[in-house]
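Per-entry structural report
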Amino acid sequence: MATIKRRTVLFADLRGSTALYETLGNAQATAVVTQTINALAQKVPAMGGQLIKTLGDGLMAVFSVPSMAVACAMQMHDHLESTAAAPHAAPAVARLRLQIALALGEVVEVNGDCFGDAVNVAARLLDHAGDNETLLTSEVFEELAPEAQANYRSLDRMRLRGRAEPVEVHMLPPRGGDNAATLMETRIDLAEPEGLQLVWHDSLYRFTRHDLPLLIGRGSTCGLLIDEARVSRTHARIDWMGGGLQVTDLSINGTYVRFSGDDEVISLRRGACTLHGSGEIGLGGSPNEVGVPVLQFSIMSSLDDTLPMRLTPPAGPH
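Below is a short write-up of the structure. (Residues numbered from 1 in each chain as written. Predicted model: local features only at pLDDT ≥ 70, side-chain atom pairs only at ≥ 80, totals over all residues. Heavy atoms only, no water.)

Those residues of helix 6 (residues 117-126) not exposed but buried are A118, V119, V121, A122, L125 and L126. Taken end-on, helix 6 shows its buried residues confined to a sector of 165°, consistent with a single buried face. (Buried < 20%, exposed > 50% of the residue type's maximum accessible area, 1.4 Å probe, protein only. Helix = DSSP H or I, 4+ residues; strand = E, 2+ residues; numbered from the N terminus. Arc of directions from axis to C-beta.)

Okay, here's the thing in structure tokens:
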């Protein structure tokens, strides 16, 4: 019999398992992934949740108390971090990363499985999580204590595949912050920007703060579609962070940034940096390499009439 309950849905997914299969072989890699997922799954009942199913290198669970679901997510990250840092851990194991997404709403329980809008939102939101990030909807965020909310950054409203209306999202960044972002923030006295211009081929796209976060990639939910072989379905995300614009790599092949007047190319392999001035963003390779898709960017300090009208992001591949 189907029952309807209000639950927080948690999806977790391991990234980097492909490297395990390449370095350890199928049998050993399968054992490592299975062991890791089983260890993460054990955190669910310990935090009052219900494990719905494991999904190869991921899992799905539901919780009646949102704060317990968030606490479980943090325990999962802690477990993977401590496992990867263990002296006996293989190098490929140390490169495993964990993505987690949570959504709160009504779910339909049928024969031990769960369905409904909250399940769909959590599953789609997982596609946009970076390495060791936890993304959660505003419904989950609002159930947290103020001291817990202070640990999260708002990503504003994000468009998810299959949903007409955008979803308000909050992010718990990886522990320890990001070295690349810290480096760029200390290199220059950043003025608060008003928006961002991106040029792809001969088309210019203009985004204000209210259009962020912006997803870039081959996927249909991305605000800027780049249909190139090196580009991941969700390749990079540009957020409004602390009065500035930050680009975060979400890809397989990496995102690379070169600022105008600077020969240095910053490699963002699952990392982030603050954008300032102007420059180039290489998707899947350095802007110096031939054949790499390159976006030209410039930060807008004011929205004056000398700039072209903002174009609607393309609805199809470039």
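Past the structure itself, the notes keep going.
What follows deals with the sheet that holds strand 19 (residues 294-300). Either a parallel or an antiparallel arrangement is found when strands of a sheet pair, and the pairing is made through backbone hydrogen bonds. Strand order across the open sheet formed by six strands is 10-9-19-18-15-16, with antiparallel pairing between neighbours. At either margin of the open sheet sits one strand with a lone partner, and together these are strand 10 (203-208) and strand 16 (266-268). Sheet twist, expressed as the mean angle between neighbouring strand axes with direction ignored, is 25°. (Pairing = 2+ DSSP bridges. Axes fitted to C-alpha atoms, helices over the stretch in contact; angles between N-to-C directions.)

With that settled, the discussion passes to helix 2 (residues 26-41). Helical geometry: 3.6 residues make up each α-helical turn, so side chains three or four residues apart lie on a common side. Taking 1.5 Å of rise per residue, the 16 residues of helix 2 would be expected to cover 22 Å, and the 22 Å separating its terminal C-alpha atoms lies within 8% of that figure. Residues A29, V32, V33, T36, I37, A39, L40 and A41 constitute the buried set of helix 2. (Expected span 1.5 Å × (residues − 1).)

All right, on to the pairing of strand 11 (residues 214-217) then. The two faces of strand 11 match: L214 and I216 on one face and L215 and G217 on the other face are all buried. Sheet topology note: the strand 11/strand 12 (residues 224-225) ladder contains two bridges and is parallel. Bridged to G217 within strand 12 is L225.

It is the contact of helix 1 (residues 17-24) with helix 2, at a shortest axis distance of 7 Å, that shows an interaxial angle of 145°. Here helix 1 runs over helix 2; the crossing is right-handed. In this structure, helix 1 uses S17, L20, Y21 and L24 to contact helix 2, whose residues at the interface are N26, Q28, A29, T30, V32 and V33. Of the residues in the contact of helix 1 with helix 2, the class split is six nonpolar, four polar and no charged. (Left-handed = near helix turned anticlockwise from the far one by under 90°. Contact = heavy atoms within 4.5 Å. Nonpolar A, V, L, I, M, F, W, Y, C, P; charged D, E, K, R; others polar.)

Before going further, it helps to examine the side chain of D13. Looking at where D13 falls in the secondary structure, it is placed in strand 1 (residues 3-15). Put simply, D13 is tucked away with no salt bridge, and the nearest opposite charge, on R15, sits 5.5 Å away. Apart from residues lying up to four places away in sequence, D13 is in contact with D57, G58, R97, L98, Q99 and L126. (Lys, Arg positive; Asp, Glu negative; His and termini not counted. Salt bridge = Lys/Arg side-chain N within 4 Å of Asp/Glu carboxyl O.)

We now examine the packing of aromatic side chains. In total, this model carries two aromatic pairs according to the counting rule given. Summarising the aromatic geometry, the rings of F141 and Y152 are spaced 6.2 Å apart at their centres and angled 75° between planes, so their arrangement reads as edge-to-face. With F141 in helix 7 (residues 138-141) and Y152 in the loop between helix 8 (146-149) and strand 7 (153-158), this pair connects stretches of sequence that are 11 residues apart. Residues F141 and Y152 agree in their burial class; the two are buried. Ring geometry for F259 versus F297: centroids 5.9 Å apart, planes at 90°, classification edge-to-face. Of this pair, F259 sits in strand 15 (residues 255-259) while F297 sits in strand 19, and the two are 38 residues apart along the sequence. Across the pair, F297 and F259 agree in class, each one buried. (Phe/Tyr/Trp six-rings, centres within 6.5 Å; stacked < 30°, edge-to-face > 60°.)

On to the environment of T134, then. Its location among the elements puts T134 in strand 6 (residues 134-137). Residue class for T134 comes out buried when judged on its relative accessible area of 2%. Between the C-alpha atom of T134 and that of A101, which follows or precedes it by 33 residues, the distance is 5.7 Å. T134 has contacts with A73, H77, I100, L102, H170, M171 and L172, leaving out every residue within four places of it along the chain. Within polar-contact distance, the side chain of T134 engages the side chain of H77 at 2.8 Å. (Polar contact = N/O pair within 3.5 Å; in protein donor to acceptor, adjacent residues only side chain to side chain.)

Remember, this is a structural readout, not a statement about activity or role.
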